[in-house]
Amino acid sequence: MTLIKIDKKSLDQGIEKAKAAYRVFGPVKQKTDHDFKLLDKSELPDFNFQNTRLSPKAIIYPQSQIMFEYSLDETSEDCRIMKEVENVASPMAVVGVRPCDALSFPIVRRNFDSPEYQDTYWIKAYEATTFVGLACNSACATCFCTSAGTGPFGEEGLDILLVADGNNFFVKELTEKGAAFIKAAGWSGDADANAASKIDELKKTAEATITAAVETDKLREKTILELYDASFWEEEAFSCINCGTCTYVCPTCWCFDVQDETFGKSGIRMRNWDSCMFPLFTHHASGHNPRDVKYQRVRQRFMHKLKYYVDKYDNGIQCVGCGRCIRLCPVNIDIRRICNKMNSFDAAKAACEAVAS
Amino acid sequence: MQNPYLPYPVRIDEIITETEDKSLKTFKFVFLNPDDEKKFAYSSGQFAELSIPGLGEIPIGIASSPAEKGFIKFTVFKTGKVTSYLHAMKEGEIMGVRGPLGHPFPWDMLKGKNIVIIGGGFAFTTLRSSIVSILDPANRSNFGDIHVVYGARTPGMLLYKEELQGWAARDDIHMNITVDGTDDPNWKYLKGFVPTITEEKAPPGSDDTYAIVCGPPIMIKFTQPVLDKLGYSHDNILMSLENRMKCGIGICGRCNIGKDFVCKDGPVFTLSQLNQMPKEY
Amino acid sequence: MTDYTDKIKEIAKRVLDEGKVDMVIGFRKGTVPMMNQPHYATSAASVDELIWDSSCGLNLANYLTDKKGNIAIVAKGCDTRNIVTHVIENKIKREQLHIIGVPCTGMIDHHKINAMFDKEITKVEESGDQITISGNGFSETLPKKDLLAENCAVCTHRNPVEYDELVGDLVEEQTGVDQYASVKEVEAMSPEDKWNYFEDLLAPCIRCYACRNACPLCYCPTCFVDESRPQWVGKSQDPTDVRTFHLLRAYHCAGRCTDCGACERVCPMGIKIREFTKKLNKDCLELYGWEAGLSLDQRPPLDTYKADDPEDFIK
């Protein structure tokens, strides 16, 4: 596994050079916060950030995406026949993605790429993308990646890991895609023998800055029904205002809605991000709604992320510990609090207490 | 990689108004490309997404049987935006069908067994498919005794009336057609709610007897205790669920009940499975 | 204002013990700086979690819509005006409520404060009218008046207008503040500049509807953006649809908005949502002399007809 050391200048030059072969996305400060955007010529990613406000999921999976187009012109021989829109994903590179966000992509892939059905839109975009990660040298108070399946120097989901060391960067090549990007960027300069231990030292320092954690060890062994029927949901859901903030900023949320929009005699079928928090998410045409009360929807989100996904894929929780929902929830619903409540929930004890009170 | 969201173009070949209040119509679709019909190889119990450009898609159970070649049939209840538009469409118009989707009734497991089919109202569509499949000469000997209990509010609200009469005259299937009530002096079948008729006519439960139940929640609520009384184990009771759907392929995340998607892991579940799932339907 | 905490707890405990109410709606301490969580207390243990500080900017009247039973609610000036509007609009009955009025000296703006510091803020403490903001390797104490949310800075209704008891003495109302200074700036722009201004303002919107859902006024069973038969507004990020949502929502709040600032506070993208509603508030004031929610006995202008209503738009 190649390990290169370069300075900031080479880093920047390399990214600029790579734009010849890739559409490069990087974090850029926009007004008050950093967000990922397609870098213009000469525009460089700004690594002076903790994490972006919105997750990079929109790069692979845009908030609004056209799937098909159709004509309603009766004289056309294609009238009312759905036509695929061109779906050729040219090579993309996301530079500066944090390990938590990087892990979110393999997590989400399990949903879009199954043995039975493959979502061609998501998969093509994902396979065309090279992920150049940036290790976190220190964490936020709301980061809990180490208890969510990765860590500040985590490599899962990445093709390259960049580690900042003063004014230099270690470039750790992780996959073939990573090798191709390094070549396109022209980065070279073997790191010396001390590099590995220096990286390890930085990693340990970073991990020590993580103060937040969730307990997930008992989630698998509990039954769905005992967690579903737990009595704490109504109280925990009280403050929720059922907006879509948590689901939209979350890198591992993926629900969408499909809509047709017609303009005159032609139209498109598109998909838009949707949220299980919205009351109409499960609303039937008959008027029946299995989740028409707020706490049922709040319960659905946390059960999905911390229990249904756990049971379905046996590969940990559907959360990477990025902390965005904690920072951005307008009413301070905290997933750490709820995860710990779920993990420590004792159905038998709760039943006794209910009888006693 | 085939795009799973792309519907096959179909032409509406025939529209039949099934019920006296015109709320239910059966649509017969013919594939524009014969190859698509081969790709659409389905089994009774599955559903498909009917796709109307400009309006949207609706998940509807397949009412035709694979034994019927050259077309597919769906019976659609008029209730919302897409179904209202569909009801106003004419024979010859073009639209799309995506599928087949979901798991069918477990026909391998049902081989050699007795089957009791219990349906109410307009949930009878995939049950029609099942009956036509079972009665097909190529299949009939694969199954034991077949009992059917099918009820609607009035005679005019029954689906597939002519076919029901034809089946009632056969000796290889026990038909129990019932209505909640009627003043029609010519009504020659039964009167009574589906749970009541089930209790009177259904065979007792056994390891070799399965019940397939499809109907409105109220019918299911009162039929289940009857089946318990008759000794049907919860592993031998099969139900077909509905839920709000969009993609139909377990990706958009909308139709889940617990960890299962009604579209992909269902829509058929045994009662044992349902008992382990949250009551979120 | 942190000295209100004990008084709130005392009142809450009393009204619950007396059986006067079934629950007390207030705030409990948040798990991130400058955030508090709306919380309801029904027992001594949950009463103990109630707090009050300068990060209680959310409008708790939002949690009253169509509620049954008797409820005590901690409400600052703007919140009480929304409670009045709720009563007038039949969303809650006055008899159901025990309003614990909070004379407010303003809430701090976490968007503004976060933007002032490069590094992560891990602690915000207040003492009197001084706010101390600290993080890894820095700590700064600033006067609260420099950190106020914009609506608080120009607020002229800090005291509750309707209450059953107060948690402290009434505070002096601000005078000489121009509530509509920023609206006038936009009004003075050329049409092209105005277009660019609003285009830029709404560009970051992600259609999360936090603004709508945090607003006590937005309680339609089906919001106009969610209607499907017919569908009025698209659900994508098409700029036309985004603008339609925000502009129409503002119109639905005309004559009812109390400028509580909850919409701006909750927006994850930091959009200045109040630019729309403030304009409509100014229009209502100028056309009808109306400010929302000041009295239980007056009906709003869009609800009533007066012979001298302005009609210069009829040509």
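Everything numeric here is computed off the predicted structure, so don't read it as measured data.

K.L.:
Got a sec to walk through the sheet that holds strand E3 (residues 33-38) of chain A? Specific residues and values, please.
P.N.:
Residue and element names in this part refer to chain A. One open sheet accounts for seven strands, arranged E1-E9-E8-E7-E6-E2-E3; its pairing is mixed. What marks the edges here is a single partner per strand, and that holds for strand E1 (3-7) and E3. Neighbouring strand axes in the sheet, compared pairwise and without regard to direction, differ in orientation by 25° on average. Across three bridges, the pairing between strand E2 (residues 23-30) and strand E6 (residues 92-97) is parallel. Note that in E6 the partner of valine 24 across the bridge is alanine 93.

K.L.:
Kindly report on the interface of chain A and chain B, identifying the contributing residues and their values.
P.N.:
In many analyses, interface size is given as the accessible surface area lost on bringing the parts together. Taken together, the 49 residues of chain A in the interface contact 48 residues of chain B. Interface area, chain A with chain B, both sides summed: about 3,900 Å², of which 57% is carbon and sulfur. Between chain A and chain B we count eight salt bridges in total. For Lys264(B), the salt bridge identified is with Glu116(A), shortest N-O distance 3.1 Å. In this structure, the connection of chain A to chain B is made through 28 residue pairs in polar contact (both at pLDDT 80 or more). Ranked by the residues each element gives to the side of chain A that touches chain B, the list is headed by helix H10 (residues 294-313) of chain A, at six residues. Taken together, the residues that form the side of chain A that touches chain B break down as 23 nonpolar, 12 polar and 14 charged.

K.L.:
Give a detailed account of the nonpolar core, specifying residues and quantitative values.
P.N.:
Met342(A), Val24(C) and Ile25(C) are the most contacted members of the largest nonpolar core, which has 194 residues in total. For Met342(A), the contacting residues outside a window of four places in its chain are Leu219(A), Lys222(A), Leu227(A), Phe232(A), Trp233(A), Phe302(A), Met303(A), Leu306(A) and Lys307(A). Listed in part, the 34 residues of the second largest apolar core include Ala63(B), Phe143(B), Leu238(B) and Val268(B).

K.L.:
Got a sec to walk through a nonpolar patch on the surface? Specific residues and values, please.
P.N.:
On the surface, Leu287(C), Tyr288(C) and Leu302(C) cluster together to form a nonpolar patch covering roughly 290 Å² of accessible area. Inspection of the secondary structure puts Leu302(C) in the segment after helix H11 (274-288).

K.L.:
Account for the pattern of salt bridges, naming residues and giving values.
P.N.:
Applying the stated rule across the entire model yields 72 salt bridges over all chains. Residues Lys19(A) and Glu16(A) are paired through a salt bridge, measuring 3.0 Å at the closest nitrogen-oxygen approach. Relative accessible area serves as the criterion here: at 26%, Glu16(A) is assigned to the partly exposed category. Between Arg291(A) and Glu280(B) there is a salt bridge; the shortest N-O distance is 3.2 Å. Pair noted here: Arg291(A) is in the loop between strand E11 (266-273) and H10 and Glu280(B) is in the segment after helix H9 (271-275), and the two residues belong to different chains. Glu280(B) matches Arg291(A) in its accessibility class, with the two residues each being buried. When salt bridges with common partners are traced through the structure, they connect Glu150(C), Asp259(C), Glu264(C), Lys272(C) and Arg274(C) into a single cluster.

K.L.:
Run through the sheet that holds strand E5 (residues 83-84) of chain A, naming residues and quoting values.
P.N.:
Ordered in space as E5-E4-E11-E10 (chain A), the four strands form an open sheet in which the pairing is antiparallel. Looking at the sheet topology across the chains shown, the edges are occupied by E5 and strand E10 (256-263) of chain A.

K.L.:
Quick one: what's the story with the pairing of strand E4 (residues 64-71) of chain A, residue by residue and with numbers?
P.N.:
Residue and element names in this part refer to chain A. Bridge count for E4 against E11 is seven bridges, and the pairing is antiparallel. Pairing of serine 71 across the sheet is with serine 266, part of E11. Both E4 and E5 contribute to a ladder of two bridges, which runs antiparallel. Note that in E5 the partner of phenylalanine 68 across the bridge is glutamate 84.

Cut-offs and rules
- Residues numbered from 1 in each chain as written.
- Chains lettered and ligands numbered in written order.
- Predicted model: local features only at pLDDT ≥ 70, side-chain atom pairs only at ≥ 80, totals over all residues.
- Heavy atoms only, no water.
- Pairing = 2+ DSSP bridges.
- Helix = DSSP H or I, 4+ residues; strand = E, 2+ residues; numbered from the N terminus.
- Axes fitted to C-alpha atoms, helices over the stretch in contact; angles between N-to-C directions.
- Contact = heavy atoms within 4.5 Å.
- Buried area = accessible area lost by both parts, 1.4 Å probe.
- Salt bridge = Lys/Arg side-chain N within 4 Å of Asp/Glu carboxyl O.
- Polar contact = N/O pair within 3.5 Å; in protein donor to acceptor, adjacent residues only side chain to side chain.
- Nonpolar A, V, L, I, M, F, W, Y, C, P; charged D, E, K, R; others polar.
- Core = buried A, V, L, I, M, F, W, Y, C linked by side-chain atoms within 4.5 Å.
- Buried < 20%, exposed > 50% of the residue type's maximum accessible area, 1.4 Å probe, protein only.
- Patch = residues over 30% accessible without salt bridge, like charges linked within 9 Å, V, L, I, M, F, W, Y side chains within 5 Å.
- Areas by Shrake-Rupley, 256 points an atom, 1.4 Å probe, with all protein chains shown as cover.

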